Amino acid sequence: MTLAAFFAEMDPFLRGERSAEDVLARLGPSSSGIGRFALYAELVRRQRGGIIDHFYRPVAAAAEAKEKGLFGRLRDAYLRQYPPTHWTPNEAARAFPGFLAEQPVVDAQLVALADYAWARFSVMHAAHRPGELGVDDAILVRHYAWDVAAYSDAVEHGTGEAALDATPRTLLLGRHRRASTLVVLTPSLAALIAMAVASGRRPALPAGLTASVVEEEARDLEARGLFPEGTALRIHEELA
Amino acid sequence: MTKLAGVGIGLRREIAEALLGTRRHLDWVEVVSENFAGLSGRPRDVLRRARDRWTVIPHGVALSVGTSAPEGYLDVVRALVDEVDAPFFSDHLCYASIGTHAFHDLLPLPFHAEAVAVAAANARSAARAVGRPLLLENVSYYASMPGSVLSEPAFLGAVLEAAGPEVGVLLDVNNLYVNAINHGRDPRADLEAFPVASVRQLHLAGHTREGDVLLDTHSSPIAPEVWELYRDVLRRTGPLPTLIEWDQNIPGVDAVLDEADRARSILEAA
């Protein structure tokens, strides 16, 4: 039996599309027996599923609270539709929020929680652009109809009974430029304008909002490690 | 390039901050290549901090010498190995992908001549592409694959012989143990047959029982039988750099460092 023939049988078997009995009928017996051989499809299923479980624990908690077994069905359907094709395990989780959004049985809460989970991962793994002012991929703004941050923290840290509060939240997520820690905050309107200006845009200031308030927010974002040093000064010059 | 000695532990995300802040003695760390190679952001920051303090060994899970390395993979591994100036890098004697399908598991090959030739050629090519020696780890396997005609030690020995001097062995003592038990063999007899002259590094890890199978889960303390086998290995090999692998259900960095201290005391007495 050639290696090519071996892999041609093992590929669909390991993806759960062919039974151990069928594979061994074609390849010949395993001296360990069919039960032990069949274990490999299960181990691969666990490994792949474990990536999604790990990434999206808050989604799993919320889904299971709605209907027992729901998350497992969604995860398995996702992995059938998007089988991992990249050597980085993280990539196997990338399309999950979009997949959930396409499912008629999934409500928007689960989609929001999944989006938040991937957003956190994104900012923690994005490169800072040293020497440049303004925002980069390590800082994101998201708006959710629920307090997904508090719920996710409660699930992941096991702090009490998690409940998804129906309070709309705009969140600014970023990675501290020196400490490399996740920063999540609710930005003020002035902070959002500071981000826009730092990105090279020139939004008109709403009535009642002065340039000095925007600069103050930019200094605060600098102090929190989200803006590189010097950004507040640049904003001051832009708004002068 | 630094020479590796002593005892290391795996730098895993769950314990990274605690490990980087510890004052306890540790000789080196191992990183899972796929968790750092080609990545920016926090993984890169953690890697820099670790490199400033210890020798860092990249240990991969996606090389897939039984099939072929994923496209672009060796380039990012080379960059990682260069960045930490590792004396060598390691992966597994197995396959982890078929074509574009990534299984994210370490899957055993049939122990036969064609698999020897393919794995040896791919391992040698990987070592040359990365520019450092490659150590291949003996994987745990729960079932013999159809078509196997060689014993596990004979298969590994044949791969090493065909691969040449750029490829050595990372002997996982726990895998040696669970393979012997799962297949009804004596671990010491397997050790006798093992190509120990090519071993450059050791792994120690915990396993768990599921039904009639011992699974290599890295989720528990090292079993007493594996500690005993570690002593036997060192009697045959002499002192070798040893890594504690604890990847799941990690109770805290001190528990892992306690295991490292225990390994060091055995290693220093060897």
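Structure's up top.
The present account deals with the structure reproduced in this document. (Residues numbered from 1 in each chain as written. Chains lettered and ligands numbered in written order. Predicted model: local features only at pLDDT ≥ 70, side-chain atom pairs only at ≥ 80, totals over all residues.)

A closer look at the overall build of chain A
Logical step 1: Tallying secondary structure elements over chain A gives eleven helices and three strands in all.
Logical step 2: The secondary structure elements of chain A, listed N-terminal to C-terminal, are α-α-α-α-α-α-α-β-α-β-β-α-α-α.
Logical step 3: Taking 18 Å as the expected radius of gyration for a compact globule of 240 residues, we find that chain A reaches 24 Å, considerably beyond that expectation.
Logical step 4: Taking the principal axes of the C-alpha coordinates as reference, chain A spans close to 80 × 40 × 30 Å. (Helix = DSSP H or I, 4+ residues; strand = E, 2+ residues; numbered from the N terminus. Rg over C-alpha atoms; globule rule 2.2 N^0.38 Å.)

Regarding the nonpolar core
Logical step 1: Judged by nonpolar contacts, the single largest core of 107 residues is most densely connected at A123(B), L136(B), V159(B) and V173(B).
Logical step 2: With eight residues, the top contributor of residues to this core is helix α4 (residues 113–130) of chain B.
Logical step 3: Every residue in contact with V173(B), bar those within four places of it in the chain, is listed here: L202(B), H203(B), L204(B), V226(B), L229(B), Y230(B) and V233(B).
Logical step 4: Of all hydrophobic cores here, the second largest spans 28 residues; its members include A62(A), F96(A), L110(A) and Y144(A). (Core = buried A, V, L, I, M, F, W, Y, C linked by C-beta atoms within 7 Å. Buried ≥ 20, exposed ≤ 12 C-beta atoms within 10 Å, placed from the backbone. Contact = placed C-beta atoms within 7 Å.)

So, helix α3 (residues 73–84) of chain B
Residue and element names in this part refer to chain B.
Logical step 1: Between its terminal C-alpha atoms α3 stretches 17 Å, which fits the 16 Å expected from twelve residues at 1.5 Å a residue.
Logical step 2: Where α3 is buried, its residues touch α2 (42–53), β3 (55–59), β4 (89–92) and α4.
Logical step 3: D85, located one to two residues past α3, shows a positive phi value of around 50°. (Expected span 1.5 Å × (residues − 1).)

Concerning the interface of chain B and chain A
Logical step 1: Counting from both sides, the interface comprises 31 residues of chain B and, opposite them, 39 residues of chain A.
Logical step 2: Where the side of chain B that touches chain A is concerned, the elements lending two or more residues are α2, β5 (95–98), β6 (101–107) and α4 of chain B.
Logical step 3: The element best represented in the side of chain B that touches chain A is β6(B), accounting for six residues.
Logical step 4: Along the lines of polarity and charge, the residues of the side of chain B that touches chain A split into 17 nonpolar, nine polar and five charged. (Nonpolar A, V, L, I, M, F, W, Y, C, P; charged D, E, K, R; others polar.)

Focus on the sheet that holds strand β3 (residues 182–185) of chain A
Residues and elements named next belong to chain A.
Logical step 1: Read across the open sheet, the three strands follow the order β1-β2-β3; overall the sheet is antiparallel. Looking along the sheet, the strands with just one partner apiece sit at the ends: β1 (139–144) and β3. Sheet twist, expressed as the mean angle between neighbouring strand axes with direction ignored, is 20°.
Logical step 2: Examined bridge by bridge, β1 and strand β2 (residues 169–175) share six bridges and lie antiparallel to one another. (Pairing = 2+ DSSP bridges. Axes fitted to C-alpha atoms, helices over the stretch in contact; angles between N-to-C directions.)

What is shown is where atoms sit, not what they do.
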